[in-house]
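Listed here are the chains, written in short residue letters.
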Amino acid sequence: MLTEVNTVELTENHSLYWRKNLRITALLLAIWFVVTFVVSYFARELSFSFFGWPFSFWMGAQGSLVVYCLIIGYYAFYMNRLDIEHGVEELED
Amino acid sequence: MAGSFETAREAGKGEANRAFRLQLNKVYKWYTGGFFVFVIALAVLEQLGLSREWIGFIFLLATIGLYAGIGIMSRTTDAAEYYVAGRRVPAVYNGMATGADWMSAASFIGMAGTLYLTGYSGLAFIMGWTGGYCLVALFLAPYLRKFGQFTIPDFLGERYGGNLPRFIGIFAAILCSFTYVVAQIYGVGLITSRLTGVAFELGVFLGLGGILVCSFLGGMRAVTWTQVAQYIVLIVAYMIPVVWLSVKQTNFPVPQAIYGYQLEKVTAKEKLLTNDPKELEVREIFKQRAAELTEKLKDPGAALKADKAAAEARLVELRAANAPSRTISTAERAVSSLPKDEASAKAAWTRDKELAETKSKPLNGMPPHAAQFAGDPLGDAQAQATYDNSRRNFLALIFCLMIGTAALPHILMRYYTVPSVKEARQSVTWSLFFIFLLYFTAPALAVLVKFEVFHVLIGTPIDQLPAWVASWNKVDPSLMSITDVNKDGILQLNEMSIGGDIIVLATAEIGGLPYVISGLVAAGGLAAALSTADGLLLTIANALSHDLYYKMIDPNASTARRVTISKVLLLMVALVAAYVAAQKPADILFLVSAAFSFAAAAFFPALVLGIFWKRATGIAASLGMIAGLGITFYYMVTTQPWLRDVFGVTTPIELWWGILPISAGVFGVPLGFVVIILVSMVTTAPSRKVQKLVEHVRYPNLREP
């Protein structure tokens, strides 16, 4: 049982959808990169006190995790809306 | 409960899914309530005099029995039910199941211990094992769900065509899942034997029974509903002691919000301890011991002879002086406990020397908890090099753990089980949320326990230490041991050796909670290990039965036959894994981390390029996977002491840019990408059909406008 691949030809609307998807993916990935690698790289410099924690310690232990959750949550929200906008959402039957 | 797991696909899909979700909410609410009642009832029984052994047994039997019960109720022989739980697991529940699938014995028991021992550097695990879900969400989960088959090698096979990519996928999936599952079964054995006092090997097979009843009868369907139940047990078990400890120390029940202030106090105390005269005295003694051993190791043969002569001379002298029999028997033991020959003397002394050297360092060899990286960027050349190296390894480890997270087949497989692409996206959010709950608590737990050790244990007369210290020493001296090195009758930090695994398991006792909570924590650890083992075993069995047998050997096999074969294979793989675990293989923690590097190098480039780049070709993907996996394996074998031993490598260790073997994937992943891209450019573009498949996975529903 191979995957049923439909033969619909892509339209301008479809490629616009895909470009928007790539744009939001790149943007969120950039945030992910900064929060993870840039903050960790400068961890020693970013050790001012933040409610008791050194800031970079707090980022590693909590801040980055919160940002990851927000990234994924926002992506789901954005894409589920984008699906409808471009008419590629799944229909419940 | 059985009714709620029955198939509801035939009715209107959307309506049925909603009804199914409501039904699940009801079932799991009752389940959670029932679980609390069970724990409270046990607590009451404990007050009435129920013994600790019985509490342990009841926890073990009740939880394993419960998981087995869910397995029996969800038994199935339908392929879609067996492989992907009928594809109607609601996003929230799939999130919980993924959480339990994801959080292994290492996350539950080991992580807080690692954080306790290594401070900031341990945060690489926290970030790596959560940030990877961003990659799952952005690059993989929705597309794999749209693809909608059964396994990860399935995708490789269809996207890249031919059996080679599929076969490499099967090999890599088994390689990383098997090393991982051995570690889980080992954890099951450890916890079972702690909880009930049965032998380790028996513990392994008891736990195995629980795993098998569940995954054997019901495949993914049973595993999913069990994992949800296990998630609830493990998160409750993790939170209760930490909250209690927080209330005890700070009168505030949300440890995650306020442990920053405890960390400040820990840091202040670290400064005091580093210069404390008593600590310096202890460290000086260890320093001398290390120096003596270094001297002995220059000529172990002669030193051993001298030791032997001295010990025997003392024995003769004591006997001649008619010393009390206790003194004589001590001296006899000193003679008999000497190393037997030069080789074993050398090994024992090298080990002792390393230990003494660690213990001659400030804070028992632990880095200051809040210090980012070792070394000093403003210090001399050596301190600067240490700093750069430490930072580079920290970043490399995060990279490997993240990419590995996004490539482990047993996690990716879970996103095949949700009803739609939309729910797949939401499900990743829920997964990370449920994982987040435990992961942002672990660093808090580590700091709270450190505070307790620094402020309550250190400086206490050794005969007045809390009871849990002695009881854990009795369980396993490698987890907790104390020697009064400077004979002042008071505990110094460097006189205590503490194993990382104790931190979570002993928190309840440290906080002064009744034993029933300790039992609960052990049951939580068991749930974490069992749920991960379930998912992994299923991945291995499916790779063999679905991908290898059905897709490559006998494409005409009937559904029932495939499911039966999968079940038989599952049993065999589980037995082999239990056998390996019962041998207590060395360096099990390294094997687990190695699984991440392997998965990262093998799957990530091929999967991501397969979705995002239509031009990626089959031969390129195969070569890329082989190259990535190959270089990762090569680097580990030539640099990791245990693997060097296994493969008999004797060339001197050459680290590339100082990267430790645990992060070998940092070379494999980029190489995989480069090879796939370069080879794709020089080979013929994929067929029109494959390109259509890529378009197909990119759009949740591709239809005529």
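What counts and what doesn't
- Residues numbered from 1 in each chain as written.
- Chains lettered and ligands numbered in written order.
- Predicted model: local features only at pLDDT ≥ 70, side-chain atom pairs only at ≥ 80, totals over all residues.
- Helix = DSSP H or I, 4+ residues; strand = E, 2+ residues; numbered from the N terminus.
- Rg over C-alpha atoms; globule rule 2.2 N^0.38 Å.
- Buried ≥ 20, exposed ≤ 12 C-beta atoms within 10 Å, placed from the backbone.
- Contact = placed C-beta atoms within 7 Å.
- pLDDT = per-residue confidence, 0-100.
- Core = buried A, V, L, I, M, F, W, Y, C linked by C-beta atoms within 7 Å.
- Expected span 1.5 Å × (residues − 1).
- Axes fitted to C-alpha atoms, helices over the stretch in contact; angles between N-to-C directions.
- Parallel < 35°, antiparallel > 145°, perpendicular 65-115°, else oblique.
- Left-handed = near helix turned anticlockwise from the far one by under 90°.
- Nonpolar A, V, L, I, M, F, W, Y, C, P; charged D, E, K, R; others polar.

So, the overall build of chain B
Part 1 of the reasoning: Helix and strand content of chain B: 27 helices and 2 strands.
Part 2 of the reasoning: Since a compact globule built from 705 residues should have a radius of gyration of about 27 Å, the 28 Å found for chain B is in line with a globular shape.
Part 3 of the reasoning: Counting only C-alpha atoms and orienting by the principal axes, one finds that chain B spans roughly 100 × 65 × 45 Å.
Part 4 of the reasoning: Put simply, chain B has 705 residues, and 51% of those count as buried.
Part 5 of the reasoning: For chain B, the proportion of contacts with a sequence separation of at least 24, taken over those separated by at least 6, is 81%.

Thoughts on the confidence of the model for chain A
Part 1 of the reasoning: Looking at chain A, the pLDDT average stands at 87 and 90% of residues meet or exceed 70.
Part 2 of the reasoning: By mean pLDDT, strand 1 (residues 49-50) of chain A is the weakest element of chain A at 84, and helix 1 (residues 12-41) of chain A is the strongest at 93.

Some details on the interface of chain A and chain B
Part 1 of the reasoning: Each side of the interface is counted separately: chain A has 50 residues, and chain B has 55 residues.
Part 2 of the reasoning: Ranked by residues supplied to the side of chain A that touches chain B, first place goes to helix 2 (residues 55-85) of chain A with 18 residues.

Observations regarding the nonpolar core
Part 1 of the reasoning: Formed by 229 residues in total, the largest nonpolar core has its most connected members in Ile72 of chain A together with Ile185, Leu234, Ile403, Leu445, Leu537 and Ala599 of chain B.
Part 2 of the reasoning: A per-element tally of this core places helix 9 (residues 200-250) of chain B first, with 22 residues.
Part 3 of the reasoning: Setting aside chain neighbours within four positions, we find Leu537 of chain B in contact with Val181, Ile211, Ser215, Leu570, Val573 and Ala574 of chain B.
Part 4 of the reasoning: Ranked by size, the runner-up nonpolar core spans 7 residues in total, among them Val282, Phe286, Leu293 and Ala345 of chain B.

Points about unusual backbone geometry
All names here are of chain B.
Part 1 of the reasoning: For Asn322, which is not a glycine, the phi torsion comes out positive at approximately 55°.
Part 2 of the reasoning: Positionally, Asn322 belongs in the loop between helix 12 (300-320) and helix 13 (325-336).
Part 3 of the reasoning: Of note, the phi angle at Lys487 is positive, near 50°, even though the residue is not glycine.
Part 4 of the reasoning: As for its placement among the helices and strands, Lys487 is situated in the loop between strand 1 (480-482) and strand 2 (496-498).

Regarding helix 18 (residues 442-457) of chain B
Part 1 of the reasoning: Between its first and last C-alpha atoms helix 18 of chain B spans 21 Å; for 16 residues at 1.5 Å apiece the expected length is 22 Å, and the two agree.
Part 2 of the reasoning: Of all the residues in helix 18 of chain B, the buried ones are Ala442, Pro443, Ala444, Leu445, Ala446, Val447, Leu448, Val449, Lys450, Phe451 and Phe454 of chain B.

Considerations on helix 20 (residues 502-510) of chain B
Part 1 of the reasoning: For helix 20 of chain B, the tally of buried residues reaches 9 of 9 residues, placing the bulk of the element in the interior.
Part 2 of the reasoning: Positive phi appears at Gly512 of chain B, one or two residues downstream of helix 20 of chain B, with a value of about 75°.

Description of the packing of helix 24 (residues 618-639) of chain B against helix 26 (residues 665-682) of chain B
Residue and element names in this part refer to chain B.
Part 1 of the reasoning: At a minimum axis distance of 8 Å, the contact between helix 24 and helix 26 shows a crossing angle of 155°. Classified by the angle between their axes, helix 24 and helix 26 sit roughly antiparallel to one another. Here the hand of the crossing between helix 24 and helix 26 comes out right-handed. Facing Ile619, Ala620, Ala621, Leu623, Gly624, Met625, Ala627, Gly628, Leu629, Ile631, Thr632 and Tyr635 of helix 24, the residues of helix 26 in contact are Gly665, Phe667, Gly668, Val669, Leu671, Gly672, Val675, Ile676, Val679 and Ser680.

What to know about the confidence of the model for chain B
Part 1 of the reasoning: Averaged over every residue, the pLDDT of chain B is 86; the share at 70 or more is 97%.
Part 2 of the reasoning: Note on residues 1-11 of chain B: pLDDT under 50 across the span, and 16 contacts to partners over four residues away in sequence or across chains.

Focus on the environment of Gly110 of chain B
Residue and element names in this part refer to chain B.
Part 1 of the reasoning: Within the fold, Gly110 resides in helix 5 (residues 105-118).
Part 2 of the reasoning: Spatially, the C-alpha atoms of Gly110 and Ala442 are 9.7 Å apart, while their sequence positions differ by 332 residues.
Part 3 of the reasoning: Other than its neighbours up to four places away in sequence, Gly110 contacts Ala105, Gly500 and Asp501.

What to know about the environment of Thr274 of chain B
All names here are of chain B.
Part 1 of the reasoning: Its place among the elements puts Thr274 in helix 10 (residues 255-275).
Part 2 of the reasoning: Judged by local crowding, Thr274 falls into the partly exposed class, with 15 C-beta atoms found within 10 Å.
Part 3 of the reasoning: Sequence separation between Thr274 and Arg392 is 118 residues, and the spatial gap between their C-alpha atoms is 27 Å.
Part 4 of the reasoning: When sequence neighbours within four positions are dropped, the list of residues in contact with Thr274 reads Pro362 and Leu363.

Brief notes about the packing of helix 1 of chain A against helix 2 of chain A
Helix-helix packing is described using two parameters, namely the angle between the two axes and the distance between the axes.
All names here are of chain A.
Part 1 of the reasoning: Look at helix 1 against helix 2: their axes get within 10 Å of each other, and the N-to-C directions meet at 175°. Put simply, helix 1 runs roughly antiparallel to helix 2. In contact with Tyr17, Lys20, Asn21, Ile24, Leu28, Ile31, Trp32, Val35, Thr36, Val39 and Ser40 of helix 1, helix 2 contributes Ser56, Met59, Gly60, Ser64, Val67, Ile71, Tyr75, Tyr78, Met79 and Leu82.
Part 2 of the reasoning: Classifying every residue of the contact of helix 1 with helix 2 gives 14 nonpolar, 6 polar and 1 charged.

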